[in-house]
Amino acid sequence: MKKPTLETFRVITEIFAAHLTSVSRIPVYPTLGNDDSPDINYQEAAHPGDFYRNVWVHFRRLIGGSSPSVEDEPFLTGGYYKVQHSSKLWIISLNTVSFSFHSQLNETKKLAQLEWLTETLEGVRLSGGSAIIIGHIPPGISTFEVAMTPGSLTSMSWKEEYIVRFNDIIRAEDDIIRGMYFGHHHAQSWFVKGSEGGDGDSSGSKDNSDGDSNGISESSDSSDSKGRDSATSPPQIRGGGYISYFSAPAISPVYRNNPAFQVVVVAPTTWYPVDIITYSANLDFYLRVGSPPRFNFEMSLKEKYFRLPKRYKDIELTPGFLRQLTYRITDFGDLMEVYSHHVVSLLQLKNLPGVSPYQLY
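Source: prediction; values computed, not measured. (Residues numbered from 1 in each chain as written. Predicted model: local features only at pLDDT ≥ 70, side-chain atom pairs only at ≥ 80, totals over all residues. Heavy atoms only, no water.)

A. The side chain of D36, seen in detail. Take D36: it is sitting in the loop between helix 1 (5-21) and helix 2 (48-63). Judged by relative accessible area, D36 falls into the buried class, the value being 18%. Here G33 takes part through its backbone nitrogen, which lies 2.6 Å from a polar atom of the side chain of D36. Apart from the residues lying within four places of it in its own chain, the contact partners of D36 are T5, F9, T31 and F51. (Helix = DSSP H or I, 4+ residues; strand = E, 2+ residues; numbered from the N terminus. Buried < 20%, exposed > 50% of the residue type's maximum accessible area, 1.4 Å probe, protein only. Polar contact = N/O pair within 3.5 Å; in protein donor to acceptor, adjacent residues only side chain to side chain. Contact = heavy atoms within 4.5 Å.)

Dropping the structure here:
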């Protein structure tokens, strides 16, 4: 089935350019999704070179036009790129569609992208910088697929071999990665993965280390496993050795979810996330009153789930911290009620109860 995606790219580019890049000079960092090919869903276009070239015209304009830090070749050959946002921060946009169970893309290109990611992160480290990774399909459990086909192999968003390779790459460079952000699930979520070699495990066993009354405890080590001085490193929460990423809700209501988007608040010096704020439009309400939908404040992740002393106000949402937050939600009944409310609010598929907005696997 042919889809007018290039015209869609043009219209979206014009909207963002009119309100952000041209007026406020705010860069937009797009990433390819599984519905973006003009041919079949998850399939590369019949002439991928032409497809990537046509899309890159629009992506380049949003990123910053002739920015010298952006190389054309990675996107023109595989649909991914990197860009230097500031002197110390790089944005890495992956074509994660290629790693999906449904993907029919060339195997060689999949491996080439992982090799490129390894080399890119090594280059960021050598430059003394940090990186944020973005993509469409996240490398873990698919809440949508689990609900639709329980027990199916496609309950994982990526093929397992690529999840393993990707996690190995991230694990090797975890101290320079300041966050990973994806979409695809049409629901807000965060995911925590136990990484080998750390104190984490994939079984979900609880950390019984001493902490405050909220179940959150700080690391008292003077340096971490990579030899960084804790006095100059971002604050870390005990329970490290984990990989984590966030999945954003969808602006489209195609799966009967309320349209929503998120704003990530980051620490100004480290670029770690310190809060995630969600805005949504209650379609049922606006349909009943007969007025155009408007996006309203839905929730602050910290305000809803954290009950912490003031000294934790600017604590960073590191993988270890998210791990302990996940356990707090399951331990505190009132927090589970808060979570359940927002699942209903943001994800209205009737057969999804029991699928959490977070996953610990």
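B. Up close: the environment of Q84. Tracing the backbone shows Q84 in strand 1 (residues 81-86). Taking the C-alpha atoms as reference points, Q84 and V124, separated by 40 residues in sequence, lie 9.6 Å from one another. Look past the residues within four positions of Q84 in its chain and what remains in contact with it is S69, L89 and W90. Within the structure, Q84 has its side chain in polar contact with the backbone oxygen of S86 (distance 3.3 Å). Of note is the side chain of Q84, whose polar atom sits 3.4 Å from the backbone oxygen of S87.

C. Inspection of the packing of aromatic side chains at higher detail. With the rule as written, the count across this model stands at 18 aromatic pairs. Judged by centre distance (5.5 Å) and plane angle (50 degrees), the rings of W56 and Y81 are tilted. Of the two residues, W56 is situated in helix 2 and Y81 in strand 1; the sequence distance between them amounts to 25 residues. In this pair, the class of W56 matches that of Y81, namely buried. (Phe/Tyr/Trp six-rings, centres within 6.5 Å; stacked < 30°, edge-to-face > 60°.)

D. Spotlight on unusual backbone geometry. If you check the backbone angles, H184 has positive phi at about 80 degrees while not being a glycine. Counting through the fold element by element, H184 comes out in the loop between strand 4 (177-182) and strand 5 (189-194). By relative accessible area, H184 is classed as buried at 19%. The phi dihedral of H186 falls on the positive side, at around 60 degrees, and the residue is not glycine. Here H186 lies in the loop between strand 4 and strand 5.

E. Molecular detail of the nonpolar core. Counting residues in each nonpolar core, the largest one holds 31 residues, and the members touching the most others are L32, F75 and W190. Elements represented by at least two residues in this core include exactly helix 2, strand 1, strand 2 (89-93), strand 3 (130-134), strand 5, strand 6 (242-247), helix 8 (301-305) and helix 9 (319-331). Grouped together as the second largest cluster of nonpolar side chains are 28 residues, W90, L121, I137 and Y245 included. (Core = buried A, V, L, I, M, F, W, Y, C linked by side-chain atoms within 4.5 Å.)

F. Highlighting the environment of H185. Mapping H185 onto the fold places it in the loop between strand 4 and strand 5. Note on H185: relative accessible area 3%, which makes it buried. C-alpha of H185 to C-alpha of H136: the two residues are 49 residues apart in sequence and 9.2 Å apart in space.

G. Molecular detail of helix 6 (residues 160-172). For helix 6, spanning 13 residues, the distance from its first C-alpha to its last is 18 Å, which sits close to the expected 18 Å at 1.5 Å a residue. Residues Y162, I163, F166, N167, I169, I170 and R171 constitute the buried set of helix 6. (Expected span 1.5 Å × (residues − 1).)

H. Representation of the sheet that holds strand 7 (residues 260-266) within the structure. With antiparallel pairing, the 3 strands of this open sheet are ordered in space as 7-8-9. Looking at which strands have only one partner, the edges of the open sheet turn out to be strand 7 and strand 9 (296-300). Strand-to-strand twist in this sheet, taken as the mean axis angle between neighbours without regard to direction, amounts to 25 degrees. The pairing of strand 8 (residues 273-280) with strand 9 spans 4 bridges and is classified as antiparallel. Along strand 9, the bridge assignment pairs S280 with N296. (Pairing = 2+ DSSP bridges. Axes fitted to C-alpha atoms, helices over the stretch in contact; angles between N-to-C directions.)

I. The arrangement of the pattern of salt bridges in detail. Overall, the coordinates contain 9 salt bridges when judged by the stated rule. Of the charged contacts in the structure, one is a salt bridge between E7 and R10, with a shortest N-O distance of 2.7 Å. Remark: R10 and E7 occur in helix 1; sequence separation between them is 3 residues, near one turn of the helix. Residue E7 is classed as partly exposed on the basis of its relative accessible area, which comes to 41%. Exposure remark for R10: the relative accessible area of 36% places this residue in the partly exposed category. Close ionic contact of E71 with K82 constitutes a salt bridge, the shortest N to O distance being 3.5 Å. Placement of E71 in the loop between helix 2 and helix 3 (73-78) and of K82 in strand 1 is noted, with a sequence separation of 11 residues between them. Assessed through its relative accessible area of 44%, E71 is described here as partly exposed. The class for K82 is buried, based on a relative accessible area of 16%. (Salt bridge = Lys/Arg side-chain N within 4 Å of Asp/Glu carboxyl O.)

J. Spotlight on the pairing of strand 4. Of all the 6 residues making up strand 4, 6 are buried; the element is thus mostly covered by neighbouring parts of the structure. In this sheet, strand 4 lies alongside strand 3 in parallel orientation, the contact comprising 4 bridges. Across the sheet, I133 pairs through a bridge with M180, a residue of strand 4. In this structure, strand 4 lies alongside strand 6, joined through 2 bridges in parallel fashion. Bridge assignment links F182 to a residue of strand 6, and that residue is S247.

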